Each structure stands twice: as structure tokens, then as C-alpha cells.
Amino acid sequence: MFLSLSSRTRLVTPALALTPMLALFLTVAACSGDTPAPAAKPADKPVQAPVTTAAAPPPTLAMSDLAAEAQNVTLAPSPAEMQKAMEKAGISGGLSKLVQDRDLKLDVSNKDVVAVRTGVVLADCLLTVKEATKEKLVARLALVKTGMNTLGAGKDLPATIDDLTARINNDSISRDDLVKELDEMHGAIIPEIQFEAGDRSVPLIQAGSWLEGSNLVAAAIVAANKPDAGTQMLRQPEVVGYFLKYVKTEGADKASSGVITQLQGTLEKLQEIAAKPALTLDDVKEIKAQTDSVLTLL
Amino acid sequence: MHILLLSLLATPARADEDQAETCLRTKIWDGYNTGYAVRTSQKATLNQGGHKVYLVTLYAGTDYKVLACGDTNVGNADLVLYDHSGKQVAQDSSNDREPVLQYTPQTTDTYYIAVHASTLNDLGKQGSVSTAVTYK
């Protein structure tokens with residue numbers, strides 16, 4: 001309705017606007033005999049500007065509104081995105097070779113710890129999906145499923161993981177398609193889940209994934225001796241602040257977990273480093289050491 | 001079957017949300033054919049002229065494509081990208097319910113993505129808009 005009305009208006013309006021000009025031109029031509037008519041002067045009456053179909057741009061939002069309204073669930077880059085950005089920064093080799101085998105417990109009572117561990121395993125899945133053996137991939141997905149069940153993710157996601165596992169086992173899904181499925185699980189499905197464990201689950205899962213990705217990126221930068229890439233890849237003060245807000249939240253089960261206490265200390269140190277305008281190689285080494293200290297506690 | 005039909009009729013908003021998500025999912029999966037992978041996907045239910053803002057970290061040198069799909073009640077959806085200081089750096093140019101915005105940052109930083117339901121076909125209903133950040 002809107003478009004058709006606009007289109008009709010666009011067709012009619014210029015013709016109407018030209019009518020007085022056309023009448024003036026014909027009058028001048030009729031009075032001038034064979035003498036070529038001088039160029040017609042512009043009519044005194046202002047010519048109406050033609051209506052275009054271009055929609056009005058949306059209102060510009062003020063900085064204060066942007067800051068107040070912004071949703072942070074999209075803030076942290078995914079581990080796969082970190083890997084891609086690292087390649088663009090000139091560090092080849094990828095992160096998948098740096099991923100370690102971990103023996104993590106995903107059915108413990110502290111839900112905060114389960115969320116962080118689930119995020120770490122999910123990051124490992126994403127980073128190794130193309131190269132990992134079938135057995136390792138299936139084992140990691142089983143851990144993610146256990147974590148999701150412990151956090152109370154409902155039935156759909158564990159069922160999806162079961163389906164993916166079956167398709168991996170009988171070779172009916174390509175690794176390229178598996179990349180899409182896992183990207184979607186990490187970036188679209190999990191952030192939308194209302195976990196029984198509470199609102200803290202999503203940011204803490206994201207924190208685990210980001211921590212693992214940052215640890216591997218820091219290791220790669222140190223190995224390549226490219227501190228410039230550290231500023232480009234690891235200086236993310238807002239991301240650190242976002243995670244810290246949830247780790248510090250009252251009600252966090254910190255009393256029974258050295259992991260969460262260490263995570264808070266690590267994030268505070270990372271925030272300090274991220275406040276610098278540019279990172280040195282020593283800063284990157286410190287990020288590696290700090291993230292190691294959390295990951296080894298898991 | 002009748003119960004299913006009745007439940008569908010009773011929940012039109014949900015059906016519209018699914019419509020926007022299905023449209024976006026198709027675009028996301030198509031993007032993999034040209035090297036784009038999905039980073040995040042979110043949905044919003046908006047009134048005419050309403051908007052939602054997402055804070056994102058974007059890496060220098062990475063090509064980003066922000067995609068959105070509105071349901072059929074959305075006549076025109078818009079995407080606008082603001083930098084960390086609130087300066088507008090990119091905006092979609094379409095006049096439809098499937099806007100696309102591309103941007104390659106020069107520096108790694110946080111940015112604001114604003115998605116607007118600029119025009120709704122039926123002002124008595126809300127519109128659902130799903131938005132994804134993809135990269136390559």
C-alpha cells in the first residue's frame with residue numbers, strides 16, 4: 001500500500017508541476033511568429049520538487065541513547081572470528097593446532113563454573129571442527145551437551161547435539177556444514193536460551209569461549225613475535241568489562257569456587273592491560289599467563 | 001491437526017518471528033558460499049519507528065556484513081552503524097524489509113548497530129526483525 005501510493009505520486013506530480021511551464025512556453029511561441037523564441041525564463045512560481053521514493057533515513061541516535069540502550073550479548077567476538085582476524089593480521093598457522101585436550105567436569109554443582117567450562121569446550125569445538133578426529137569432535141560435543149543439561153538449557157539443544165553427533169558418526173554431515181551448525185549454535189541459539197541456571201549462564205559461557213580464544217591468540221602472537229597484532233586482537237576493554245560485571249554480580253557462587261575468584265582477578269588484570277593505547281609483547285605474554293591461570297584451574 | 005491450526009492462529013506474533021528468523025537463516029547460510037560466517041544473530045519485536053541497539057566488537061581489516069530480515073508486517077527496516085564515539089559510519093541504502101550493511105573497520109573497536117522498524121504495514125501490530133553480524 002505504502003509503496004504503490006508512493007509510486008503513483010511520483011508519476012503524477014512531475015507532470016502537474018510542468019503544466020504551467022508548458023503553457024508559458026506555448027504562449028511565447030505563439031506570439032513570436034517565425035523568429036526563434038528566446039530561451040524561456042524560469043516561471044516566477046517556484047517549481048515543486050519531484051517526489052522521490054527514497055525513504056526518510058531513520059533518526060540519528062544520540063550517543064547517550066546508544067550507550068544506554070545497547071545490548072551487550074553481541075559484544076564478544078567468536079573464537080572462529082578471532083582465528084580469521086588473526087590470519088588477516090598476518091599470523092598464519094591457525095589456532096586449532098594450539099587447542100589442548102582437556103578433562104573437564106561439566107556435571108558439577110557450581111553452575112558458574114559449568115558455564116565457563118562449557119564455553120571453553122565450545123570454543124575448542126569451533127576451532128577444531130575441520131581438523132579434529134571424529135572421536136575428539138564427538139567427545140567435545142558430548143561435554144557441551146552435559147554442560148547444557150547441567151545449566152538447564154531445555155530439550156531442544158541437547159537433541160540438536162545428539163543429531164549432530166549421529167551425523168558425524170555415520171559421516172552424513174560434511175565438516176563445512178558442521179562449521180555452520182556450530183557457528184549457529186554458538187552465536188544464535190545459545191544466546192537466546194533461557195537457562196534454568198539463570199541470566200548469568202549466557203555471559204559466562206561467552207566468557208569461557210572468549211577466554212580460550214584469547215589465550216590461544218596470545219600464544220600465537222608470542223610465537224610469531226608480532227606485538228602489533230596484540231593491540232589489534234586483544235585490546236578489548238568493553239568486552240572485559242562486560243564479563244567482569246557478571247563475574248562480580250552479587251549472588252555469584254564464588255565462595256565455593258576458586259575458578260570464579262581467579263577469573264575475576266584475571267579479568268581485572270586484563271582490563272588494566274586493555275586500558276593501554278597499544279600493547280607490547282610483554283603485555284601479550286601477561287595476557288597469556290593470566291588466561292592460563294584460569295584455564296589450568298578448570 | 002485442528003488443535004495445531006488453532007494454536008497457530010492463536011499465536012500470530014510467534015509465527016511472524018519465525019518468518020523473520022527463517023529469512024535470516026537462509027541469508028546466513030547463503031553467506032557461507034561467499035566466505036561469510038555468522039558471529040551472532042538476535043531478534044527484536046518493534047513498534048513503528050522503534051529500534052534496538054547492539055554493541056559489537058569489530059576487528060580491523062575484517063569484512064563485516066550485517067544482515068536483517070523483517071516479517072511481512074515490516075515495510076522498511078533500516079540498519080545504521082555508529083562508531084565508539086557515536087558517529088555514524090555506515091547505513092543501509094535499501095527501502096525494504098531486508099537491509100544489508102557492509103563495513104571494514106580500520107581499527108579494532110566497539111561499534112553500535114541500530115536496527116530500526118522504520119515502516120510497518122499494519123500499525124496495529126508489531127514487527128519482528130532478526131539481525132545477524134557476519135564476517136569474512
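Trainee: Go over the overall build of chain B, please, and point to the residues and values.
Mentor: From N to C terminus, chain B includes two helices and eight strands. Helices and strands in chain B line up, N terminus first, as α-α-β-β-β-β-β-β-β-β. Out of the 136 residues belonging to chain B, those deemed buried represent 53%. Pairs at least 24 residues apart make up 76% of the contacts formed inside chain B by residues separated by at least 6 positions.

Trainee: Talk me through the environment of Asp 199 of chain A; I want residue IDs and the actual numbers.
Mentor: On the secondary structure map, Asp 199 of chain A appears in the loop between α7 (175-189) and α8 (201-224). By relative accessible area, Asp 199 of chain A is classed as exposed at 65%.

Trainee: Explain the interface of chain A and chain B to me, using residue names and the numbers behind them.
Mentor: Facing 42 residues of chain A, the contacting portion of chain B comprises 41 residues. With both chains or domains summed, chain A and chain B bury close to 3,800 Å², and 56% of this area falls on carbon and sulfur atoms. Its largest share of buried area at the contact with chain B, chain A owes to Thr 74, Glu 81 and Lys 180 of chain A, together 16% of the area lost on that side. Inspection of the chain A/chain B interface yields three salt bridges. The residue Glu 81 of chain A makes a salt bridge to Arg 39 of chain B at a minimum N-O spacing of 3.0 Å. Counting across the interface, chain A meets chain B through 23 residue pairs in polar contact (both at pLDDT 80 or more). Counting residues per element, the ones that place at least two in the side of chain A that touches chain B are α2 (63-69), α3 (79-88), α7, α9 (227-234) and α10 (237-248) of chain A. Ranked by residues supplied to the side of chain A that touches chain B, first place goes to α7 of chain A with eight residues. For the side of chain A that touches chain B, the per-class residue count stands at 22 nonpolar, nine polar and eleven charged.

Trainee: Please give an account of the state of the cysteines that cites residues and values.
Mentor: Residues and elements named next belong to chain B. All chains considered together, the criterion is met by one disulfide over all chains. Here Cys 23 pairs with Cys 69 through a disulfide, and the sulfurs are 1.9 Å apart. Between Cys 23 and Cys 69, the S-S dihedral sits near -50°, and the bridge is therefore left-handed. Here Cys 23 is found in helix α2 (residues 12-31), whereas its partner Cys 69 is found in strand β3 (residues 64-70), with 46 residues between them in sequence. Exposure remark for Cys 23: the relative accessible area of 19% places this residue in the buried category. With a relative accessible area of 0%, Cys 69 lands in the buried category.

Trainee: Break down the pairing of strand β5 (residues 88-91) of chain B for me, citing the residues and quoting the values.
Mentor: Look at any regular strand and the pattern is simple: side chains alternate between the two faces of the sheet. Residue and element names in this part refer to chain B. Across three bridges, strand β4 (residues 74-82) lies against β5 in antiparallel orientation. Of the residues in β5, the one forming a bridge with Tyr 82 is Gln 88. The hairpin turn running from β4 into β5, its antiparallel successor, is five residues long, and Gly 86 in that turn takes a positive phi close to 95°.

The rules behind each value
- Residues numbered from 1 in each chain as written.
- Chains lettered and ligands numbered in written order.
- Predicted model: local features only at pLDDT ≥ 70, side-chain atom pairs only at ≥ 80, totals over all residues.
- Heavy atoms only, no water.
- Helix = DSSP H or I, 4+ residues; strand = E, 2+ residues; numbered from the N terminus.
- Buried < 20%, exposed > 50% of the residue type's maximum accessible area, 1.4 Å probe, protein only.
- Contact = heavy atoms within 4.5 Å.
- Buried area = accessible area lost by both parts, 1.4 Å probe.
- Salt bridge = Lys/Arg side-chain N within 4 Å of Asp/Glu carboxyl O.
- Polar contact = N/O pair within 3.5 Å; in protein donor to acceptor, adjacent residues only side chain to side chain.
- Nonpolar A, V, L, I, M, F, W, Y, C, P; charged D, E, K, R; others polar.
- Disulfide = S-S within 2.5 Å.
- Pairing = 2+ DSSP bridges.

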